[in-house]
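Structural overview
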Amino acid sequence: MTITQFLHRAAVLAVLAATAGLALALPAQAAPQSAPRAAGEAAPAAVAAGDLAAARSAVQSPAVLGQLGDFFARRGVPPTQPLQLGAAAEAKAAAQADPTLVGATVPVYTLDPGFVAGTKGSPVARADFTATEAVAADGQQASVWAVQQNGSWRVVNIASGSDETDYAARGAAGGGGTVFREPQVNAWYVLRAGRVLPLDTEARESVGANGTSLAAYQQLVHRRYGDKLPGSAYDKAGLGGGFSPTTASVAQQGAGAVGGALGLPVPALTAAGALGVTALAGAGLAVRRRARG
């Protein structure tokens, strides 16, 4: 990935947090610890089965399924961008999409700011949202993201593809461990037996084909993001979010988004994919098309 591609990644959920006031933390069950552990040695807090079921229920709502039909009809093009299809043809395509939810709803873990800082007892990653795979009648796939807001679960994003559930399954099939993402470089890893192992091309470019030790990975991400954590000069300068609240187009954001200062989860989004924010059941919904590769 080039530095230009990196800088053109945008903080979709940061936009939602700014415009809709979303709370992006999942309720979790923390395991008790008898003594502080080195950064990354603590297991990430688990997401309760009841919360996963509640997130799934939110995704199954008629309003969300209707949005999925529109998403598949538009093939991921945000509502802010025109289609060659007319309104009637688009509505027909949405009805024919017939979206179906497949597989389990899974928690998605993202690189933890405390781990980046080297804080003792901080896990390598934390749960940021849940993802559920949806499939259209023509085979298109999408990932539906949900977070908890004020005690209830709401859908906040629909992304093309099924990376979140695919990598979770890949990690489980390979021997288990904690699957997590470093969204700033679009990398997916699994932490297994004290080693950070790559699950995609970006991760292999980051830590090598055979992975690296947890301690070496901590040093790596500290070099990358240690000066961009919440409270840093970078954060205080307003560079962490990489967006303007009055602008919906990611292409207009320029070179500013580097992980939301690691204060918010940052999904990967190319500059060519504009952000369309709409209202859904009282929450902001971001619709984006994900870069593949």
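Quick notes on the rules
Within any chain, residue numbers begin from 1 and follow the written order of that chain's sequence. Predicted model: local features are reported for residues with pLDDT of at least 70 only, side-chain atom pairs are reported and counted for 80 or more only, and whole-chain, interface and lining totals are derived from all residues. With hydrogens and water set aside, each side-chain value is computed from the structure's full complement of heavy atoms. Partly exposed residues are those whose accessible area sits between 20% and 50% of the maximum for their type, while under 20% is buried and over 50% is exposed, using a 1.4 Å probe and protein chains only. A run of H or I in DSSP becomes a helix once it reaches four residues, and a run of E becomes a strand once it reaches two; helices and strands are each numbered from the N terminus. The arc under discussion is defined with respect to the helix axis, by the directions toward the C-beta atoms. Residues count as neighbours in contact if any of their non-hydrogen atoms are within 4.5 Å of one another. By definition, pLDDT measures how confident the predictor is in each residue, and it falls between 0 and 100. Side-chain rings of Phe, Tyr and Trp, where Trp is taken by its six-membered ring, are said to pair if the distance between their centres is within 6.5 Å; with planes under 30 degrees apart they count as stacked, over 60 as edge-to-face, and otherwise as tilted. Given the number of residues in a helix, its expected span is that number minus one, multiplied by 1.5 Å. Joining through side-chain atoms within 4.5 Å is the link that ties buried Ala, Val, Leu, Ile, Met, Phe, Trp, Tyr and Cys residues into a set, and such a set is a nonpolar core. We count a salt bridge whenever a side-chain nitrogen from Lys or Arg sits within 4 Å of a carboxyl oxygen from Asp or Glu. Only the stretch in contact is used when fitting a helix axis, every axis being a line fitted to C-alpha atoms; angles between N-to-C directions are given from 0 to 180 degrees. Left-handed describes a crossing whose near helix is turned anticlockwise from the far helix through less than a right angle; right-handed describes the clockwise counterpart. Only Asp, Glu, Lys and Arg are considered charged, only Ala, Val, Leu, Ile, Met, Phe, Trp, Tyr, Cys and Pro nonpolar, and every remaining residue, Gly among them, polar.

1. Points about helix α3 (residues 49-59)
For α3, the complete set of buried residues consists of D51, L52, A55, R56, A58 and V59. Down the axis of α3, the smallest arc covering the buried residues is 155 degrees, so these residues share one side. Exposed positions of α3 whose direction lies more than 90 degrees from the buried face are A49 and G50. Its buried side turned inward, α3 meets α4 (62-73), β1 (100-111), β2 (125-135), β3 (141-149) and β4 (152-160).

2. Topic: the confidence of the model for the protein
Overall, the prediction assigns the protein a mean pLDDT of 73, with 67% of residues at 70 or greater. Here residues 1-33 scores under 50 on pLDDT; set against residues more than four positions off or in separate chains, the count is 95 contacts.

3. Observations regarding the packing of aromatic side chains
What the rule picks out here adds up to 7 aromatic pairs. Among the aromatic residues, those joined into a cluster by ring pairs are F115, F180, Y189 and Y217.

4. A look at unusual backbone geometry
In terms of backbone geometry, most residues other than glycine have negative phi values and most peptide bonds are trans. Residues other than glycine seldom take positive phi values, yet N186 does so here, at roughly 60 degrees. The topology assignment puts N186 in the loop between β5 (178-182) and β6 (187-192). Of note in this structure, A193 is not a glycine but carries a positive phi near 55 degrees. Of note, A193 is situated in the loop between β6 and β7 (195-198). With a relative accessible area of 82%, A193 lands in the exposed category.

5. A closer look at α4
Its 12 residues give α4 an end-to-end C-alpha distance of 16 Å, which sits within 8% of 16 Å, the value for a rise of 1.5 Å per residue. Residues of α4 that are buried include every one of V64, Q67, L68, G69, F71, F72 and A73, and no others. Where α4 terminates, the next one or two residues include R75, which has phi positive at roughly 50 degrees.

6. What to know about the nonpolar core
One recurring pattern in soluble globular proteins is that nonpolar side chains are buried together. Counting 24 residues, the largest nonpolar core has F115, V124, F180, Y189 and Y217 as its most contacted members. Those elements that place two or more of their residues in this core are β1, α6 (113-117), β2, β6, α8 (201-207) and α9 (214-225). Broken down by element, the residue count for this core peaks at 5 residues, all from α9.

7. Observations regarding the pattern of salt bridges
Opposite charge on two side chains makes pairing possible when the charged atoms of those side chains draw close. If you walk through the whole model with that rule in mind, you get 3 salt bridges. One salt bridge connects D128 with R126, and the closest N-O pair in it is separated by 3.6 Å. A salt bridge links R224 to E182, with the nearest nitrogen and oxygen atoms 2.8 Å apart. Here R224, found in helix α9, pairs with E182, found in strand β5; they are 42 residues apart in sequence, far enough to count as distant.

8. Focus on the packing of α4 against helix α5 (residues 87-97)
Where α4 contacts α5, the two axes come as close as 7 Å, and the packing angle between them is 115 degrees. Where α4 crosses over α5, the handedness of that crossing is right-handed. When α4 is examined against α5, the residues G69, D70, F72 and A73 are found in contact with a partner set consisting of E90, A93, A94 and A97. By residue class, the composition of the contact of α4 with α5 is 5 nonpolar, 1 polar and 2 charged.

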